[in-house]
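# Structural description and commentary
Below, each chain spelled out in residue letters.
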Amino acid sequence: MLIKLTLAILFAALAAAQSYQPAAANLKMRQWFQDARFGLFIHWGVYSVLGDGEWVLNNKKMTLTDYEKLAPQFNPTEFNATEWVAMVKDAGMKYITITSKHHDGFAMWGTKQSPWNIVDATPYKKDVLKMLAEECRKQGIKLFFYHSHLDWRNPDYFPLGRTGHNTGRQPAGDFNLYLDFMDNQLRELLTGYGEIGGIWFDGWWDKPTADWRLEKTYSLIHSLQPAALIGNNHHRKPFAGEDFQMFEKDLPGQNTAGFNAESEIGALPLETCDTINKAWGYNSKDKQFKSSAQLIQYLVRSAGHGANFLLNVGPMPNGKIQPEFGDRLREIGVWMRKNGESVYGTRGGPVPPRAWGVTTQTATKIYVHVVDWPDEVLALPDVGAVTGATLLSSGRKVEMTRLAGGLALRLPREIRDPVDTIVVLEKGR
Ligand code: FHN
């Protein structure tokens with residue numbers, strides 16, 4: 001009987017998964033997403049009060065009773081949605097992905113499913129996501145929600161997974177009730193906040209063998225907003241029903257940070273995310289900031305891998321973005337205004353990513369991004385017919401020599417840019 005039931009569930013899940021046909025609006029959104037290439041990731045929640053990152057509840061072995069004392073201290077009176085969205089636009093970013101709920105379960109909107117949210121549990125009492133959604137719509141920025149599957153606080157998130165073992169919560173609960181709770185929260189987000197770019201899931205990895213009812217959740221999202229893109233940071237090849245694939249702290253195909261040992265690049269639009277210092281949520285002690293040059297180079301390398309770059313900030317508990325982040329975003333924006341045509345609307349170019357840099361391309365042009373190459377001559381393999389080569393920055397002609405099996409570009413010192421020397425190759429017909 002049990003075997004029959006399990007098989008029936010398995011077949012139903014498989015049928016639902018296999019039957020997913022992205023709507024035309026979804027496919028259009030995927031194109032938009034790929035053209036956008038650059039977005040802002042925001043990790044913000046009640047944890048920002050401690051300035052010790054978003055994992056502080058787990059990492060400092062806090063009890064929930066102590067953690068809940070943070071809510072009355074979380075009063076981000078200096079939050080200004082207009083300023084945040086203007087900052088995003090100025091940086092040349094096209095979308096925002098903000099934590100609606102992180103692993104601590106705290107909701108950044110006035111959810112009716114639990115009082116553990118910014119409206120009901122804090123003196124601020126305002127729905128941050130609503131203000132941000134309205135402002136994004138006004139300023140033409142798309143809004144995605146990061147939503148954690150993993151929940152260290154909801155008693156029905158049981159049995160526990162790999163994390164959250166020291167919070168002092170009761171060792172009992174009904175996981176299906178938790179999944180109902182999560183679907184109800186997602187329903188609120190997809191019906192009360194206008195058109196949403198998509199949902200960015202995280203935390204599946206906490207219980208990789210659990211039945212997460214993903215098909216049900218994914219169908220709910222796609223039925224409420226067919227265009228909304230679903231991505232899941234499970235660090236595997238995409239599951240059925242997903243619309244894009246993300247990589248954490250690594251370019252697609254790489255695994256320097258250890259998250260991608262089991263991930264494999266699928267056929268969906270790609271995104272890579274990273275931090276400006278080391279932390280996702282606000283960490284007052286972390287001063288290891290990457291330079292704007294490094295961040296621009298990562299953005300360029302992502303584009304060369306055919307991936308978006310989602311760059312993170314962890315706002316402070318008062319609602320401000322720390323100046324070190326703001327400065328870097330401004331500097332990237334200056335660069336994007338000059339060089340954006342080699343990033344926006346491009347796809348990975350004909351030369352696969354190399355240590356020296358990457359190529360991106362549009363229908364008519366190939367952009368050769370020379371990021372790290374000491375020599376005057378750079379040889380490329382065959383890139384197809386090319387009618388001319390110029391520098392993107394000045395339009396100056398670049399000496400190009402055809403070789404058997406490729407071409408060579410001459411890049412003398414005086415035309416080099418320490419961040420990225422961009423050569424535009426005109427495609428021949
Ligand atoms: O545990 C989270 C972490 O806090 C952060 O949200 C990052 C963002 O990619 N993802 C998780 C770890 O995989």
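Now for a quick tour of the structure.

Each value, and the rule that gives it
- Residues numbered from 1 in each chain as written.
- Predicted model: local features only at pLDDT ≥ 70, side-chain atom pairs only at ≥ 80, totals over all residues.
- Heavy atoms only, no water.
- Pairing = 2+ DSSP bridges.
- Helix = DSSP H or I, 4+ residues; strand = E, 2+ residues; numbered from the N terminus.
- Buried < 20%, exposed > 50% of the residue type's maximum accessible area, 1.4 Å probe, protein only.
- Arc of directions from axis to C-beta.
- Contact = heavy atoms within 4.5 Å.
- Polar contact = N/O pair within 3.5 Å; in protein donor to acceptor, adjacent residues only side chain to side chain.
- Expected span 1.5 Å × (residues − 1).
- Core = buried A, V, L, I, M, F, W, Y, C linked by side-chain atoms within 4.5 Å.
- Phe/Tyr/Trp six-rings, centres within 6.5 Å; stacked < 30°, edge-to-face > 60°.
- Lys NZ or Arg CZ within 6 Å of the ring centre and 35° of its normal.

### As for the sheet that holds strand β10 (residues 357-361)
Read from one edge of the open sheet, 5 strands run β9-β10-β11-β16-β13, paired in antiparallel fashion. Single-partner strands in this sheet number two, and they are β9 (347-348) and β13 (386-391). Where β9 meets β10, 2 bridges bridge the pair, whose relative direction is antiparallel. In the sheet register, Gly348 faces β10, and the bridge partner there is Thr360.

### Quick look at unusual backbone geometry
In this structure, the amide linkage connecting Phe158 to the following residue, Pro159, adopts the cis form with an omega of 0°. Within the secondary structure, Pro159 is located in the loop between β3 (142-148) and α8 (175-191). Backbone geometry at Lys61 places phi at a positive 50°, although glycine is not the residue there. Structurally, Lys61 can be placed in the loop between α3 (56-59) and α4 (64-67).

### Focus on helix α5 (residues 81-90)
Among the residues of α5, those classed as buried are Ala81, Trp84, Val85, Met87 and Val88. End-on, the buried residues of α5 take up no more than an arc of 155°, which puts them together on one face. Residues of α5 that are buried make contact with β1 (38-42), β2 (95-101), α7 (128-139) and α11 (323-339). N-cap assignment for α5: the residue whose side-chain oxygen lies 3.0 Å from the backbone N of Thr82 is Asn80. Directly after α5, the chain includes Gly92, whose backbone phi takes a positive value near 85°.

### Some words on helix α2 (residues 24-36)
Spanning 13 residues, α2 covers 18 Å between terminal C-alpha atoms, matching the ideal 18 Å at 1.5 Å per step. Among the residues making up α2, those that are buried are Asn26, Met29, Arg30, Phe33, Gln34 and Ala36. With its buried residues spanning 155° around the axis, α2 presents them on a single face. Exposed positions of α2 whose direction lies more than 90 degrees from the buried face are Ala24 and Lys28. Remark: Arg37 follows α2 within two positions and exhibits a positive phi of approximately 65°.

### Regarding the environment of Gly388
The topology assignment puts Gly388 in strand β13. Taking C-alpha positions, Gly388 is 5.7 Å from Leu425, a pair spaced 37 residues apart along the chain. Setting aside anything within four residues of it in sequence, one finds Gly388 in contact with Met400, Val424, Leu425 and Glu426.

### Digging into the nonpolar core
Of all hydrophobic cores here, the largest spans 88 residues; its most connected members are Tyr67, Ile96, Ile98, Leu132, Phe145 and Leu311. The dominant element in this core, judged by the number of residues it contributes, is α8, at 8 residues. Ranked by size, the runner-up nonpolar core spans 18 residues in total, among them Leu391, Leu407, Ile415 and Leu425.

### Let's talk about the environment of Val386
Within the secondary structure, Val386 is located in strand β13. Distance from Val386 to Gly173, taken between C-alpha atoms, is 64 Å for residues 213 residues apart in sequence. Contact partners of Val386, with chain neighbours within four places excluded, come to Met400, Arg402, Leu407, Leu425, Glu426 and Gly428.

### Observations regarding the packing of aromatic side chains
Applying the stated rule across the entire model yields 31 aromatic pairs. Here Trp44 and Phe74 contribute two aromatic rings whose centre-to-centre distance is 5.6 Å and whose plane-to-plane angle is 85°, an arrangement assigned as edge-to-face. With Trp44 in the loop between β1 and α3 and Phe74 in the loop between α4 and α5, this residue pair connects regions lying 30 residues apart in the sequence. An identical accessibility class is assigned to Trp44 and Phe74; each is buried. Relative to Tyr178, the ring of Phe175 lies with its centre 5.9 Å away and its plane at 20°, an arrangement referred to as stacked. With Phe175 and Tyr178 both in helix α8 and 3 residues apart, this pair spans about one turn of that helix. With relative accessibility at 13%, the residue Phe175 sits in the buried group. Just above the ring of Tyr344 sits the side chain of Lys94; from NZ or CZ to the centre is 4.6 Å. In this arrangement the basic side chain of Lys249 is found over the ring face of Trp280, its NZ or CZ atom lying 5.4 Å from the centre.

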